[in-house]
Amino acid sequence: MNVVLINGSPRKNGATGTILHAIESRMQNNQVDTEFIHLADVNIEPCKGCCYCYKSGHCTIKDCADEIVEKIHQADGIVIGSPTYASNVSGQLKIFIDRGHFVLEQLLYGKYAISVATGENYGNKDTSKIIDNLIQYSGGVLSGRIICNVPFNSKPNEKYIKKAQRLADKLFEDIRNKKLYPFQKALSSIVFSFGIKPFVIRKGTQYQGVIDKWKQVNR
């Protein structure tokens, strides 16, 4: 079993990173292979909007984005975390989402996931919703979420650390038992069948790279 953790915060050991590391440690205690990716440490350029990847299946920019996407593709689960900036995810995470083409390519299809959003005001609920929608619209299964209210430059208290540990155990069990979430599956199917798929099919060979990616995940 393999789980990838994505830290969208520019702070390695901030509130987001602290919660992600608590999840990572618990997963390792369950004998799960983990890979922790701190986006601020890797070279990922912004998307140029050329749409070349939709036709070819790969990006014209040569950096770390495709390498991370492949790690996610090979993983059984993923944990995505971000601080809240202007009621949204961080710039680092947004750039990676744009480059990863999560939704169109159904990158998370069948993978179990946890979302983590931190912040000191109500905007962290918006951040959580953005990550949750990303997971579900990309074909993933949301095992749980953490919305952490914490003052700037402060560490999450023990309540959030314990919740992170419980969710890590839940993610482990969901992956191991292939737990079904009928409502989430129905939502994902509706979004894909009535929104994403017809759009891509209309594009024909212009989106051949996307169709080829669907075949890889049996979509």
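Our subject is the structure that appears above.
Residues numbered from 1 in each chain as written. Predicted model: local features only at pLDDT ≥ 70, side-chain atom pairs only at ≥ 80, totals over all residues. Heavy atoms only, no water.

### Quick notes on the overall build of the chain
The test is simple: The helix count covers DSSP runs of H or I at least four residues long, the strand count covers runs of E at least two residues long, and both are numbered beginning at the N terminus. As a reference, a globule follows 2.2 Å times the number of residues to the power 0.38, and the radius of gyration itself is taken over C-alpha atoms. Classification of residues uses two cut-offs on accessible area relative to the type maximum, computed with a 1.4 Å probe and protein chains only: under 20% is buried, over 50% is exposed, and between them is partly exposed. Two residues form a contact once any of their heavy atoms are found within 4.5 Å. Per-residue accessibility takes into account occlusion by the displayed protein chains alone, with areas from the Shrake-Rupley method and a 1.4 Å probe. All tallies of charge rest on Lys and Arg as positive and Asp and Glu as negative; His and the ends of each chain are not included. For charged residues, the charge sits on one atom: NZ in Lys, CZ in Arg, CG in Asp, CD in Glu.
A tally of regular secondary structure across the chain gives nine helices and five strands. Since a compact globule built from 219 residues should have a radius of gyration of about 17 Å, the 17 Å found for the chain is in line with a globular shape. Counting only C-alpha atoms and orienting by the principal axes, one finds that the chain spans roughly 50 × 35 × 30 Å. Every one of the 219 residues in the chain was classed for burial, and the buried ones make up 48%. Intrachain contacts of the chain at a sequence separation of at least 6 include 77% that bridge at least 24 residues. Carbon and sulfur atoms provide 52% of the accessible area of the chain, an area that totals close to 10,800 Å². In the chain, 29 side chains carry a positive charge and 20 a negative one; their mean positions are 6 Å apart.

### Description of the pairing of strand S2 (residues 33-38)
The following threshold applies: Whether two strands pair depends on DSSP finding at least two bridges between them. By definition, the crossover connecting two strands over a helix is right-handed if that path, from the first strand to the second, turns clockwise as seen with the strands pointing away from the viewer.
The pairing of strand S1 (residues 2-7) with S2 spans six bridges and is parallel. Residue pairing for S2: Val3 is matched across the bridge by Thr34. Tracing the backbone out of S1, into helix H1 (residues 15-29) and back to the parallel element S2 gives a crossover that is right-handed.

### With respect to helix H8 (residues 182-203)
Heads up, the condition is: In this scheme, a helix's expected span is set at 1.5 Å multiplied by one less than its residue total. Two axes enter the bend calculation: one fitted to the seven residues ending at the residue in question, the other to the seven starting there, and the bend is the angle between them.
For H8, spanning 22 residues, the distance from its first C-alpha to its last is 30 Å, which sits close to the expected 32 Å at 1.5 Å a residue. Along its length, H8 shows its largest kink, about 40 degrees, at Phe192. Here H8 has its buried residues at Gln184, Ser188, Phe192, Ile196 and Val200. Packing partners of the buried residues in H8 comprise helix H5 (102-105), helix H6 (123-137), strand S5 (141-149) and helix H9 (208-216).

### Regarding the environment of Trp214
Inspection of the secondary structure assignment puts Trp214 in helix H9. In this structure Trp214 comes out as buried when scored by relative accessible area, which is 4%. Here Trp214 is in contact with Leu104, Glu105, Gln106, Phe192, Ile196, Lys197, Val200 and Arg219, once residues within four sequence places are set aside.

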